[in-house]
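# Understanding the architecture of this molecule
The lines below spell out each chain.
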Amino acid sequence: MQEIKNYVETHKQRFLDELFELLRFPSVSADPKYKADVLKTADYVAQKLKDAGADHVEICPTAGYPIVYGEKIIDASLPTVLIYGHYDVQPADPLELWKTPPFEPTVRDGKIYARGACDDKGQFYMHVKAFELMMETNTLACNVKFMIEGEEEVGSANLGIFVKDNADRLKADVVLISDTSMISMEHPSIETGLRGLAYMEVEVVGPNRDLHSGVYGGAVANPATILCKMIASLHDENNHITIPAFYDKVIELTDEEKKALNSAPYDEAEYTKDLDIEEVWGEKGYSTLERTGTRPTLEVNGIWSGYIGEGAKTVLPSKANAKISMRLVPNQSSEEIAEIFTKHFESIAPKNVKVKVTPHHGGEPVVTPTDSVAYQAAEKAIEDSFGKKAIPTRGGGSIPIVALFEDVLGIKSVLFGFGLDSDALHSPNEKYDIYNYYKGIETLPLFHKYFAELSK
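These numbers come from a predicted model, not from an experiment. (Residues numbered from 1 in each chain as written. Predicted model: local features only at pLDDT ≥ 70, side-chain atom pairs only at ≥ 80, totals over all residues. Heavy atoms only, no water.)

## A few points about the overall build of the protein
Cut-off, in case you're wondering: A run of DSSP states H or I qualifies as a helix once it reaches four residues; a run of E qualifies as a strand once it reaches two. Both are numbered from the N-terminal end. This radius of gyration counts C-alpha atoms alone. The globule rule is 2.2 Å times how many residues there are, raised to the power 0.38. The rule is simple: take the accessible area with a 1.4 Å probe, protein chains only, and divide by the maximum for that residue type; under 20% is buried, over 50% is exposed, in between is partly exposed. Note on definitions: a residue-residue contact is assigned when non-hydrogen atoms from the two residues lie within 4.5 Å. Here the open area of atoms and residues is found with the Shrake-Rupley method and a 1.4 Å probe, where only the protein chains shown may cover a residue.
Of regular secondary structure, the protein possesses twelve helices and 20 strands. In terms of overall size, the protein behaves like a compact globule, its C-alpha atoms giving a radius of gyration of 23 Å where 456 residues would be expected to give roughly 23 Å. Over its C-alpha atoms, taken along the principal directions, the protein stretches across nearly 80 × 50 × 45 Å. Counting only residues that meet the buried cut, the protein has 53% of its 456 residues in that class. Taking contacts inside the protein between residues at least 6 apart in sequence as the whole, the part at least 24 apart equals 79%. Accessible area of the protein: about 20,900 Å², with a carbon and sulfur share of 50%.

So, in structure tokens, the structure goes:
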């Protein structure tokens, strides 16, 4: 451990400078105007893998953005770790809410503020620097493969094709992913499951053009009003989702499982203060930890209609739109949920409007084993690095490719994240603690060491 700490201490400023350079690329995969920047980011990642000592580094083309691959095979008889991450980021909008420019990383109170600081540039780059550390100190204990993609934030549409076409090349014993969070640095944790996702877009169309709200108001249905009523009907007074058959395959936690889940540290006063809200909200009969980790949800991600410019324009809009995501739990299928959502949403539309439902990307929920050699290696690494045992938790987010890896490659994943839920992922002023970044670089070599030892 001391050798690891010494290396990090010696190179800590360079590690930070390199991450800052990575963060300056506006690699927004959702917006075509950033295409050149996304491709430059892939080039940068590939070069840094080469610099760290990886072999066979390649920028692999796909129908979308490329996947950066690299490997170091030191002994075919040793276990192999496949490291997954993504170099693309969410759009930075709304820009006016950022205290400092989103693609000019800034340090405030020991935290790096930039789009992608935590999700996922800061986290995947820990692996690159940990790999460099192991190479330079001659302590790499197992084979390593890197697969860093550029389309995670838009659903990883081409990753499945790449994985299937390169199944032999990607053979490994475990997938190691740092795209999740810990409870805190005082309470280190390892996520043991993720929710799935069904992402939909809905459109409600009324008249064939925008209308004068004085001349036609009161006689023609307003699509914005209708859409709001339809969305509001998707939850009942107990915040329970009203779509028929939505909960049919959901398995309730046992009393023992609930007790274990709710034993994780949680301070509601601190939680509400951080978010500047008066009280929490959610499905009646469940705790916050249950709602965010083990219960399915339905959320409106965006809604728009009519005139939203400066000043006033008295218009009855022709149409209204919304983007809606549903987080899913084990046994639920993203395809089935998308299908029953579509059927239900179309059925509740009044005759004075037309409704169109478009499914976007989805992914399946997963639960990762806690009795595997890889999980035990992660536990031992946490205990060595933090001086305390890791708490198993369930993650509320979705990483659809975890189920893909299991299905196509036949291997499980370890969700070894060092972010925090308070890091404002997908929001203005995203951050990542410098301490967490260095702590990840220190802890990851221990995982490789213990994974190699326990695999014997």
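## Remarks on the layout of surface pockets
For clarity, the threshold we go by: Two kinds of site are reported from a 1 Å grid over the protein atoms alone, namely cavities, where a 1.4 Å probe fits but cannot get out, and pockets, open sets with protein on both sides within 12 Å along at least five of seven lines, and residues are called lining when an atom falls within 4 Å of a point. Grid points are joined across faces, edges and corners, and a volume is the space filled by probe spheres set on the points. Residue polarity follows a fixed list, in which Ala, Val, Leu, Ile, Met, Phe, Trp, Tyr, Cys and Pro are nonpolar, Asp, Glu, Lys and Arg are charged, and the others, Gly among them, are polar. Where a domain begins and ends is set by an automatic assignment or by a domain database.
Of the pockets and cavities examined, the second largest pocket occupies roughly 450 Å³. Considering the residues around the second largest pocket, the lining is formed by 24 residues, among which Ser334, Gly362, Gly363, Glu364 and Pro400 are closest to the centre. Contributions of two or more residues to the lining of the second largest pocket are made by helix H4 (159-165), strand S10 (196-205), helix H9 (334-347), strand S15 (354-363) and helix H11 (401-409). When residues in the lining of the second largest pocket are grouped by element, the largest group, five residues, is from S15. Among the residues making up the lining of the second largest pocket, the classes are represented as twelve nonpolar, eight polar and four charged. Counting only domains with at least three residues in the lining of the second largest pocket, you end up with domain 1 (1-194 + 366-455) and domain 2 (196-250 + 296-363).

## Here's the deal with the domain arrangement of the protein
Definition in use: Buried area counts how much accessible surface, traced with a 1.4 Å probe, disappears from two parts once they are put together, with both parts' losses summed. Each reported salt bridge corresponds to a side-chain nitrogen of Lys or Arg within 4 Å of a carboxyl oxygen of Asp or Glu. The term polar contact refers here to a pair of N or O atoms within 3.5 Å; inside protein, the definition further demands a hydrogen-donor-capable atom paired with an acceptor-capable atom, and it admits residues adjacent in sequence only when both atoms are side-chain atoms.
Domain assignment breaks the protein into domain 1 (1-194 + 366-455) and domain 2 (196-250 + 296-363). Here domain 1 and domain 2 have C-alpha centroids that lie 35 Å from each other. Of the residues lining the interface, eight residues belong to domain 1; the matching set on domain 2 comes to seven residues. Interface area, domain 1 with domain 2, both sides summed: about 530 Å², of which 58% is carbon and sulfur. Among the residues domain 1 hides against domain 2, the three largest losses belong to Gly155, Ser398 and Pro400. Together they make up 56% of the total. One can count zero salt bridges joining domain 1 with domain 2. Counting across the domain 1 and domain 2 interface gives two residue pairs in polar contact (both at pLDDT 80 or more). A breakdown of the residues in the side of domain 1 that touches domain 2 according to their chemical character gives four nonpolar, four polar and no charged.

## Examining the nonpolar core
Put simply, the rule reads: We call a set of buried Ala, Val, Leu, Ile, Met, Phe, Trp, Tyr and Cys residues a nonpolar core when their side-chain atoms join them within 4.5 Å.
Within the largest apolar cluster, 69 residues are counted, with the highest numbers of intra-cluster contacts made by Tyr87, Phe416, Tyr437 and Phe447. When residues of this core are traced back to their parent elements, those giving at least two are helix H1 (2-23), helix H2 (35-52), strand S3 (80-86), helix H3 (121-136), strand S6 (143-149), strand S7 (174-177), helix H10 (373-386) and helix H12 (434-454). Ranked by residue count, the leading element in this core is H12, at ten residues. Other than its neighbours up to four places away in sequence, Phe447 contacts Val81, Val174, Leu176, Ala374, Ala377, Ala378, Ala381 and Phe416. Ranked by size, the runner-up nonpolar core spans 28 residues in total, among them Ile226, Leu234, Ile337 and Phe341.

## Quick word on the sheet that holds strand S4 (residues 106-108)
Note the following rule: Pairing between strands requires that DSSP locate at least two bridges from one strand to the other. Geometry is summarised by axes, namely lines fitted to C-alpha atoms with helices restricted to the contacting stretch, and by angles between N-to-C directions that run from 0 to 180 degrees.
As summarised here, the arrangement of the three strands in space is S4-S5-S20, forming an open sheet in which the pairing is antiparallel. Each end of this open sheet is capped by a strand with a single partner; those strands are S4 and strand S20 (431-433). Averaged over all pairs of adjacent strands, the angle between their axes in this sheet comes to 30°, without regard to strand direction.

## Focus on the UniProt feature "domain: Peptidase M20 dimerisation" (unreviewed entry) in the protein
As a reminder, the rule being used: UniProt positions are given in the numbering used here, feature names are shortened, and annotations may be inferred rather than shown by experiment.
Those residues carrying the UniProt feature "domain: Peptidase M20 dimerisation" (unreviewed entry) are residues 192-351 in this numbering. Helix and strand shares over residues 192-351 are 28% and 22% respectively, and the end C-alpha atoms of the span are 46 Å apart.

## Let's talk about the pattern of salt bridges
All told, the structure shown has 24 salt bridges when counted by the stated rule. A salt bridge links Arg24 to Glu104; its shortest N-O distance comes to 3.2 Å. Highlighted residues: Arg24 in the loop between H1 and H2 and Glu104 in the loop between S3 and S4, separated in sequence by 80 residues. Looking at Arg24, the relative accessible area reads 37%, which means it is partly exposed. For Lys48, the salt bridge goes to Asp51, with nearest N and O atoms at 3.9 Å.

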